[in-house]
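# Summary of the model geometry
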Amino acid sequence: DRAVILGIATTLSYDMESMGISVIPCMGKNNIDRPTAIFRKLEIPVYAIWDSDEGGDSKPEENHRLLRLFSQDVEDWPEKITENFACFKKTLLYKLQDELGKEFFDSTLESCRTKYFIARNDQALKNPIIIHEILTQAKMDSRKSATLEQIVENIVALKKSLEACESNHA
C-alpha cells in the first residue's frame with residue numbers, strides 16, 4: 001500500500017517526503033492502532049489506511065476495532081474514504097485494479113516487470129517507481145484512480161491544516 005500511495009502522490013506532483021509527510025508501513029491492520037494512538041497523543045496528524053479483507057482470512061473484529069478508533073459505526077467489511085482514514089472492502093490494490101481496469105493494470109505491470117527485470121508481481125507492487133509508471137501509463141490512456149487520488153489529497157489536506165494551525169500559534 002505504501003508504494004501505491006507514494007506512486008499516486010508522485011503522479012499528482014506531490015513529493016511526500018519533501019512535504020514532511022511520512023508513509024509508514026505498519027505490516028498489517030493489527031498494528032495500526034498503537035502508532036495512531038501515539039501520534040495522536042503527540043498531536044501529529046495521522047491518516048490510516050487498511051484493507052477490510054472481505055472474503056479473506058481476516059476477522060471482522062479487526063475492522064471493528066479500527067472503526068471505533070476513528071469514532072465510526074462498526075461494520076464487518078467497511079469501505080470508506082474520510083478525512084482521517086480510508087479502508088477498502090477487499091484491498092487497496094483490488095480498488096486500484098478495478099478503477100484502472102484489470103486487463104490494463106495486469107498488462108502494464110507485466111511490461112514494467114520486464115523492463116525493470118523484476119521476477120515477481122509482489123516484488124514489483126512494492127516498488128513506488130513501478131506503481132508510478134503504471135499510473136503514468138494509465139494517465140496517458142485517460143485512466144485514473146479517483147479513489148486513491150482522493151486519499152492522497154486528504155493526506156495533503158491534513159498536512160496543510162497542521163501547517164495552518166502552527167502558523168496561527170506562531
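Described below are features of the structure shown in this document. These numbers were taken from a predicted model, which means no experiment stands behind them. (Residues numbered from 1 in each chain as written. Predicted model: local features only at pLDDT ≥ 70, side-chain atom pairs only at ≥ 80, totals over all residues. Heavy atoms only, no water.)

## Regarding the environment of Ala 37
- Within the fold, Ala 37 resides in helix α2 (residues 33–41).
- Judged by relative accessible area, which is 40%, Ala 37 ranks as partly exposed.
- Separated by 110 residues in sequence, Ala 37 and Thr 147 place their C-alpha atoms 26 Å apart. (Helix = DSSP H or I, 4+ residues; strand = E, 2+ residues; numbered from the N terminus. Buried < 20%, exposed > 50% of the residue type's maximum accessible area, 1.4 Å probe, protein only.)

## Points about the sheet that holds strand β3 (residues 85–88)
- Pairing is mixed in the open sheet, where three strands are placed in the order β1-β3-β2. Looking at strand neighbours, the two that pair on one side only are β1 (48–51) and β2 (80–81), the edges of this open sheet.
- Of the strand pairs in this sheet, β1 and β3 are connected by four bridges, and their pairing is parallel. When the bridges of β3 are listed, Trp 50 appears paired with Cys 87. (Pairing = 2+ DSSP bridges.)

## Structural notes on the packing of α2 against helix α3 (residues 60–69)
- For the pair α2 and α3, interaxial distance at closest approach is 11 Å and the crossing angle is 10°. Accordingly, the angle class assigned to the pair α2 and α3 is roughly parallel. On the side of α2, the interface is formed by Asp 33, Thr 36 and Arg 40, while α3 contributes Arg 65, Leu 66 and Leu 69.
- Class assignment for the residues of the contact of α2 with α3 results in two nonpolar, one polar and three charged. (Axes fitted to C-alpha atoms, helices over the stretch in contact; angles between N-to-C directions. Parallel < 35°, antiparallel > 145°, perpendicular 65-115°, else oblique. Contact = heavy atoms within 4.5 Å. Nonpolar A, V, L, I, M, F, W, Y, C, P; charged D, E, K, R; others polar.)

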